[in-house]
Amino acid sequence: MNLKPIIILLFILLPLTPIKAQNAHFWDGIEAFDGPTDENPVLAAQIDFYFDKLVAPLPDSITMEINRLVERTGDNTDLRDFILWHLLERYRHPEYMSQDQVFVWLYDHYFSQLEIKDLNAANLALIRDKAERFRRLALFIPAPNFKINDSIDLQSVENKHTVLFFYDHDCGVCQQELQDLDSICAVHPNVTALKIDLNTDDVHVDILYDLYDIETTPLIYVLDRDKRIIGKKIRAKQIPLLL
C-alpha cells in the first residue's frame with residue numbers, strides 16, 4: 001500500500017505552532033477548579049480549544065494529553081467525570097477518521113474501569129457497543145465481509161481498491177456524492193465501487209447498519225487490495241488522496 005498520501009495528509013493536519021511550548025501551562029490551576037460540572041459551556045469550550053489547537057490530531061497524542069489532564073484533576077471526581085464525558089462525546093463523532101480510536105481508548109481505560117458519574121449499565125452497554133464497532137472498523141483492519149444476494153459480494157472484487165458507498169436514493173447529498181464517485185472511477189480503473197442503497201426492504205441490507213456503523217448517509221469506506229480499510233467517512237472527492 002502507498003502510504004505517501006496519508007503521510008502528506010497527516011503533516012497538513014498537524015498544527016504549525018510549537019505545541020509543547022503553548023500547552024505546557026494551559027491547565028495551570030485546574031486542580032483548584034470548583035465550578036459547576038453538570039453544565040459548564042466555558043469549561044467545555046476550553047477543552048475543545050485545547051484539543052483542537054494545541055494537541056496534534058493523532059490518537060496517540062490525544063490519549064497522552066487526556067491522561068495528563070485527568071491526572072491533574074486529582075481527587076475532584078466531578079471534574080474528572082465532566083472531562084471524560086465531554087471527550088467521549090467529542091470523539092464519538094471525530095473530525096478526522098483515525099480519531100474514533102480515541103473513543104475506544106476512553107472506553108478501555110476509563111469507562112470500563114471506573115465508577116463515573118451518570119454511568120449506568122444501560123449507557124455503558126451503548127458505549128461498549130460503539131467502541132467495539134470502532135475497533136473492528138479501525139484503519140488498516142480488514143473490512144467486515146458481506147454479500148447481498150448475488151448482486152454485491154465484497155470478497156469477489158479483485159481490483160486494487162474497493163470503495164464501499166452506502167447511500168439512500170432519496171438523499172440529495174447522496175446523489176451528488178454518487179456523481180463525484182462515478183467521475184473518480186471513470187479516471188481510476190484500479191477502483192471498483194460497490195454502491196449499496198440502504199433505502200430498501202432487503203433484509204441483507206439491515207445487517208450493514210451495525211456491521212459498518214452506519215448512522216447517516218452517504219457513507220464511504222475505501223479498501224486496499226487486501227480489503228483493509230484505508231479511508232472511511234470521507235467525501236468522494238477525497239478518495240484520490242488515498243489511491
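**Q** So what about the overall build of the protein chain? Which residues, and what values?
**A** For the protein chain, the helix and strand inventory stands at 9 helices and 6 strands. Oriented by its inertia axes, the alpha-carbon framework of the protein chain measures out at about 60 × 40 × 30 Å. Considering the protein chain as a whole, with its 243 residues, one finds that 42% of them fall into the buried category. Sequence-distant contacts in the protein chain: of pairs separated by 6 or more residues, those separated by 24 or more amount to 71%. Surface summary for the protein chain: the accessible area is close to 13,000 Å², and the carbon and sulfur share equals 53%. Counting 24 positive and 38 negative side-chain charges, the protein chain places the averaged centre of each group 7 Å from the other.

**Q** Talk me through the packing of aromatic side chains; I want residue IDs and the actual numbers.
**A** Tallying each qualifying case throughout the model produces 14 aromatic pairs. When the ring of Trp 27 is compared with that of Tyr 50, the centres are 5.3 Å apart and the planes differ by 65°; the resulting orientation is edge-to-face. With Trp 27 in the loop between α2 (19–23) and α3 (41–53) and Tyr 50 in helix α3, this pair connects stretches of sequence that are 23 residues apart. What makes Trp 27 buried here is its relative accessible area of 4%. Measuring from centroid to centroid gives 5.2 Å for Tyr 212 and Tyr 221, while their planes differ by 70°, and the two rings are edge-to-face. In terms of burial, Tyr 212 and Tyr 221 fall into one category: buried. Chaining the aromatic ring pairs together yields one cluster made of Phe 26, Trp 27, Phe 49, Tyr 50 and Phe 51.

**Q** Give me the sheet that holds strand β4 (residues 191–197): which residues, what numbers.
**A** One open sheet accounts for 4 strands, arranged β4-β3-β5-β6; its pairing is mixed. Lying at the two open borders of the sheet, with one neighbouring strand each, are β4 and β6 (229–232). Sheet twist, expressed as the average angle between the axes of neighbouring strands with direction ignored, equals 20°. In terms of strand pairing, strand β3 (residues 161–167) meets β4 through 7 bridges, oriented parallel. When the bridges of β4 are listed, Phe 165 appears paired with Lys 195.

**Q** Please set out the pairing of β3 residue by residue, giving values where relevant.
**A** In terms of residue burial, β3 counts as a mostly covered element, since 7 of its 7 residues are buried. Residues of β3 alternate between two faces, with His 161, Val 163, Phe 165 and Tyr 167 on one and Thr 162, Leu 164 and Phe 166 on the opposite face, all of them buried. A crossover connection joins β3 to the parallel β4 through helix α8 (residues 172–187); in handedness this β-α-β unit is right-handed. As judged from the 5 bridges shared by β3 and strand β5 (residues 219–223), these two strands associate in the antiparallel manner. Bridging from a neighbouring strand, Leu 164 pairs with Tyr 221 of β5.

**Q** I'd like to hear about the side chain of Asp 180, residue by residue, with values.
**A** For Asp 180, the position within the fold is in helix α8. Buried charge without a partner: Asp 180 forms no salt bridge, and the closest opposite charge is Lys 237, 4.4 Å away. In this structure, Asp 180 is in contact with Ala 236 and Lys 237, ignoring residues within four places of it in sequence.

**Q** An account of the state of the cysteines is needed here, citing residue identities and associated values.
**A** Counting across every chain of the model gives 0 disulfides. Residue Cys 185 stays outside any disulfide, its sulfur separated by 16 Å from that of Cys 174, the closest cysteine.

What counts and how
- Residues numbered from 1 in each chain as written.
- Predicted model: local features only at pLDDT ≥ 70, side-chain atom pairs only at ≥ 80, totals over all residues.
- Heavy atoms only, no water.
- Helix = DSSP H or I, 4+ residues; strand = E, 2+ residues; numbered from the N terminus.
- Buried < 20%, exposed > 50% of the residue type's maximum accessible area, 1.4 Å probe, protein only.
- Contact = heavy atoms within 4.5 Å.
- Areas by Shrake-Rupley, 256 points an atom, 1.4 Å probe, with all protein chains shown as cover.
- Lys, Arg positive; Asp, Glu negative; His and termini not counted.
- Charge placed at Lys NZ, Arg CZ, Asp CG, Glu CD.
- Phe/Tyr/Trp six-rings, centres within 6.5 Å; stacked < 30°, edge-to-face > 60°.
- Pairing = 2+ DSSP bridges.
- Axes fitted to C-alpha atoms, helices over the stretch in contact; angles between N-to-C directions.
- Right-handed = clockwise from strand over helix to strand, strands pointing away.
- Salt bridge = Lys/Arg side-chain N within 4 Å of Asp/Glu carboxyl O.
- Disulfide = S-S within 2.5 Å.

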